[in-house]
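The residues making up each chain are set out below.
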Amino acid sequence: MANPKVSFTLKGDKELRAILKKMDYKDMQRAYKKALTDSMKPLQNEAKKQLRRAGIKNVNKPYIGKNGKTYKSMLQGIMTSVDVRDPEDNYAKVHIMGEFRLKWFEKGTALRKTNSKGGRGRIHAKRFFRNAVDNKGEQCRASLEENIKKSIQKVWERK
């Protein structure tokens, strides 16, 4: 997603601008991070919903490897990351790399064979994450400005 420029133009924004002048940088960062996280929630929830519908078995259950190590469930692997440290390069993203199996279900695999010509099959691409981005991506961008306003007001009310 591109970094959207946010400008306040509604009538009630004079009060919001006065609040921003009185806030310190750390509180502004906290409010912006919360707003970005809240804006990405619909996409994360839609991705989880699409994953459940994709026909993959046991998406709620953790994976236990052959060595006994327990991995996250696939639903827990759909995560949100937010970075607001650099004022020029703020971002929020939803990604599927929190659990290693999701990549293969999203993109699929080619037909796999062993060296002794034994077949291991293939995984057909489910494209659950691409469908979620198509469905909810624009809504995330549109809700950002409103979420920023709400989070700034919440931080201000706490003070």
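Everything quoted here is computed from the prediction, not taken from an experiment. (Residues numbered from 1 in each chain as written. Predicted model: local features only at pLDDT ≥ 70, side-chain atom pairs only at ≥ 80, totals over all residues. Heavy atoms only, no water.)

**Structural notes on the overall build of the protein**
And then number 1: Each helix and strand counted, the protein has four helices and six strands in total.
And then number 2: The N-to-C order of helical and strand elements in the protein reads α-α-β-β-β-β-α-β-β-α.
And then number 3: Relative to a compact globule of 159 residues, whose C-alpha radius of gyration would be 15 Å, the protein shows 21 Å and is clearly more extended.
And then number 4: A principal-axis box enclosing the C-alpha atoms of the protein has dimensions of 70 × 30 × 25 Å.
And then number 5: When the 159 residues of the protein are sorted by exposure, 33% land in the buried category.
And then number 6: Taking the contacts inside the protein whose residues are at least 6 apart along the sequence as the reference set, 57% of them involve residues at least 24 apart.
And then number 7: Taking the 40 positively charged and 17 negatively charged side chains of the protein as two groups, their mean positions are separated by 12 Å. (Helix = DSSP H or I, 4+ residues; strand = E, 2+ residues; numbered from the N terminus. Rg over C-alpha atoms; globule rule 2.2 N^0.38 Å. Buried < 20%, exposed > 50% of the residue type's maximum accessible area, 1.4 Å probe, protein only. Contact = heavy atoms within 4.5 Å. Lys, Arg positive; Asp, Glu negative; His and termini not counted. Charge placed at Lys NZ, Arg CZ, Asp CG, Glu CD.)

**Observations regarding helix H2 (residues 25–53)**
And then number 1: A rise of 1.5 Å per residue sets the reference length of H2, with its 29 residues, at 42 Å; its end C-alpha atoms lie 43 Å apart and thus fit the reference within 8%.
And then number 2: For H2, every residue scored as buried is listed here: Asp27, Ala31, Ala35, Leu36, Ser39, Met40, Leu43, Gln44, Glu46, Ala47, Gln50 and Leu51.
And then number 3: Directly after H2, the chain includes glycine 55, whose backbone phi takes a positive value near 90 degrees. (Expected span 1.5 Å × (residues − 1).)

**Observations concerning the side chain of threonine 109**
And then number 1: Within the fold, threonine 109 resides in the loop between helix H3 (102–107) and strand S5 (112–113).
And then number 2: The residues contacting threonine 109, other than those within four sequence positions of it, are Trp104, Arg122 and Ile123.

**Brief notes about the packing of H2 against helix H4 (residues 128–158)**
And then number 1: Across the interface, H2 lies against H4 with an axial gap of 7 Å and an inter-helix angle of 155 degrees. As summarised for this structure, H2 and H4 are arranged roughly antiparallel, according to the angle between their axes. Note on packing geometry: the crossing formed by H2 with H4 is right-handed.
And then number 2: Among the residues making up the contact of H2 with H4, the classes are represented as 18 nonpolar, eight polar and five charged. (Axes fitted to C-alpha atoms, helices over the stretch in contact; angles between N-to-C directions. Parallel < 35°, antiparallel > 145°, perpendicular 65-115°, else oblique. Left-handed = near helix turned anticlockwise from the far one by under 90°. Nonpolar A, V, L, I, M, F, W, Y, C, P; charged D, E, K, R; others polar.)

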